[in-house]
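# Examining the three-dimensional arrangement
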Amino acid sequence: MKLLRNLLFVNLTLIVIAGCTHKTPYTNRSQMIFVSQKEELALGEESYKQTLSESKVIVGTKDANRIKNIGSKIAKVANRNDFNWEFNLVQNDEMNAFCLPGGKVVVYTGILKAAHNDDQLATVISHEIAHALARHGAERMSASMVQQGLQVVGNLAIGAAAPQYQNLFNQTYGIGSQVGVMLPYGRMQETEADEIGIYLMYKAGYNVNEALKFWENMSEGKKEGSDFFSTHPSSTNRINDIQKVIVKLPKS
């Protein structure tokens, strides 16, 4: 009887694993994701609304219009008609940007210090869109759910009924057990987003070689450190990896 229960558990586990296996676009990497797209979109929408409500959104300026125009071109080649795309420029000196599930893109004004032209700005936006297309947020959330022993099978309650999932969606992971597990996983996703982003830039007609210059700009004045304690690759490794992707692109 015990053996039978074990076999049933193994079979059920295999069925769940098979049902939760996804593939990333372009790179075709297998993923384990326990969060449905519906749940992911709901969590992303909540975070997006909160972010905008707490931020100074810039509208009608030259840079705000550039963000929308460049983003729209990249969104077109991303070919996700199920996404309700939005592109916003937010006043914030941090050199950052992000794309939440469903195509909610936020670019901080601080990143404009490193993105010196439209092609370099397209590098940023395409990279962040790549994260959303590859469902990196849901993938990381699923991995964290397993790590923390949270529910990983079945439907998640959304919103006030399960605020812990919204917190999990938003939180930044501390060091502790993350070293050697979550951090390298994050670097892999960053490298993958770089690669997918280059394909999106290329399809949208942007100069992919400007991606190299953008990351050079980002590294100016910064001490190059080890990848080990970072969720992002070092600039040198990142640029080398992007060069390898560019070489594989069709020649016009």
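Residues numbered from 1 in each chain as written. Predicted model: local features only at pLDDT ≥ 70, side-chain atom pairs only at ≥ 80, totals over all residues. Heavy atoms only, no water.

### A word on the overall build of the protein
As a reminder of what qualifies: For the purposes of this entry, the term helix denotes a DSSP run of H or I that reaches at least four residues, the term strand denotes a run of E that reaches at least two, and both are numbered from the N terminus. Burial status follows relative accessibility: with a 1.4 Å probe on protein chains alone, a residue under 20% of its type maximum counts as buried, one over 50% as exposed, and anything between as partly exposed. A contact between two residues is defined here by any heavy atoms of the two lying within 4.5 Å.
Helix and strand counts for the protein stand at 9 helices and 6 strands. Counting all 252 residues of the protein, 45% fall into the buried class. Residue pairs at least 24 apart in sequence account for 69% of intrachain contacts in the protein once pairs closer than 6 positions are excluded.

### Let's talk about helix α3 (residues 62–78)
Basically, it comes down to this: Here a helix's expected span is defined as the number of its residues, less one, multiplied by 1.5 Å. This arc is taken over the directions from the axis of the helix to the C-beta atoms.
Under the 1.5 Å per step criterion, the end-to-end length of α3 is 24 Å for 17 residues, consistent within 8% with the ideal 24 Å. The set of residues buried in α3 consists of A64, R66, I67, I70, G71, I74, A75, V77 and A78. Each buried residue of α3 lies within a common arc of 160 degrees when the element is viewed along its axis, so the set occupies one face. Across from the buried face of α3, at angles greater than 90 degrees, the exposed residues are K62 and K76.

### Section: the side chain of E190
Condition: Any pair of nitrogen or oxygen atoms within 3.5 Å is treated as a polar contact; in protein, a donor-acceptor pairing is required on top of that, and neighbouring residues in sequence qualify only through side-chain atoms on both sides.
By secondary structure assignment, the location of E190 is in helix α7 (residues 182–203). Within the structure, the side chain of E190 is placed 3.0 Å from the side chain of H127, a separation counted as a polar contact.

### Side note on the pairing of strand β4 (residues 86–90)
For clarity, the cut-off: Pairing between strands is defined by DSSP: at least two bridges between them are needed.
Burial runs high along β4: 4 of the 5 residues are buried. Where β4 meets strand β6 (residues 104–108), 5 bridges bridge the pair, whose relative direction is parallel. From the neighbouring strand, F87 faces β6, where its bridge partner is V105.

### Here's the deal with the sheet that holds β6
Sheet architecture is open: 4 strands sit in the order β3-β4-β6-β5, paired in mixed fashion. One side of each edge strand has no neighbouring strand; the edge strands of this open sheet are β3 (57–58) and β5 (97–100). Relative to β6, β5 runs antiparallel, the two being bridged by 4 bridges. Paired with C99 across the two strands is V105, which belongs to β6.

### Considerations on helix α4 (residues 118–133)
Here α4 contains 16 residues, and its C-alpha end-to-end distance of 22 Å stays within 8% of the 22 Å for a straight helix at 1.5 Å per residue. Where α4 starts, the residue carrying a side-chain oxygen 3.1 Å from the main-chain nitrogen of D119 turns out to be N117. At the exit of α4 stands R135, carrying a positive phi of roughly 55 degrees.

### Focus: the packing of α3 against α4
How we decide: Lines fitted to C-alpha atoms define the axes here, with helix axes fitted over just the stretch in contact, and angles between the N-to-C directions of these axes take values from 0 to 180 degrees. We call two directions roughly parallel when the angle between them is under 35 degrees, roughly antiparallel when it is over 145, roughly perpendicular when it lies between 65 and 115, and oblique otherwise. Rotating anticlockwise by less than a right angle from the far helix to the near helix defines a left-handed crossing, while the corresponding clockwise rotation defines a right-handed one. Throughout, the ten residues Ala, Val, Leu, Ile, Met, Phe, Trp, Tyr, Cys and Pro are labelled nonpolar, Asp, Glu, Lys and Arg are labelled charged, and all others, Gly among them, are labelled polar.
Between α3 and α4, the least distance of the axes is 9 Å, while the angle of their chain directions is 50 degrees. Comparing their axes, α4 and α3 come out oblique. Crossing of α3 over α4 shows right-handed handedness. Along the contact surface, α3 presents R66, I67, I70, G71, I74, A75 and A78, while α4 presents D118, L121, A122, I125, S126, I129 and L133. Here the contact of α3 with α4 is built from residues that sort into 10 nonpolar, 2 polar and 2 charged.

### Let's talk about unusual backbone geometry
A positive phi angle, close to 70 degrees, is found at Y26, a residue other than glycine. By the secondary structure assignment, Y26 is in the loop between β1 (21–23) and β2 (30–32). Take Y26: its relative accessible area is 40%, and that puts it in the partly exposed class. Phi at N79 takes a positive value of approximately 60 degrees, unusual for a residue other than glycine. The topology assignment puts N79 in the loop between α3 and β4.

### Looking at the packing of aromatic side chains
Geometrically, a pair of aromatic rings is defined through the distance of the ring centres and the angle of the planes. Our working rule: The pairing test for Phe, Tyr and Trp rings, Trp by its six-membered ring, is centres within 6.5 Å, and the orientation test on the planes gives stacked under 30 degrees, edge-to-face over 60, and tilted for anything in between. A ring is scored as having a charge over it whenever the NZ atom of a lysine or the CZ atom of an arginine sits within 6 Å of its centre and within 35 degrees of its normal.
Across all of its chains, the model carries 5 aromatic pairs by this definition. Both rings, one in F83 and one in W85, keep their centres 5.2 Å apart while their planes meet at 50 degrees; by these two values the pair is tilted. Arranged with centres 6.2 Å apart and planes meeting at 90 degrees, the rings of F98 and Y108 form a pair that is edge-to-face. In this pair, F98 is assigned in strand β5 and Y108 in strand β6, connecting sequence segments 10 residues apart. The pair formed by F98 and Y108 is uniform in burial state, with each residue classed as buried. Among the aromatic residues, those joined into a cluster by ring pairs are F83, W85 and F87. One Lys or Arg, R238, reaches over the ring of W215 and ends 3.9 Å from the middle of that ring.

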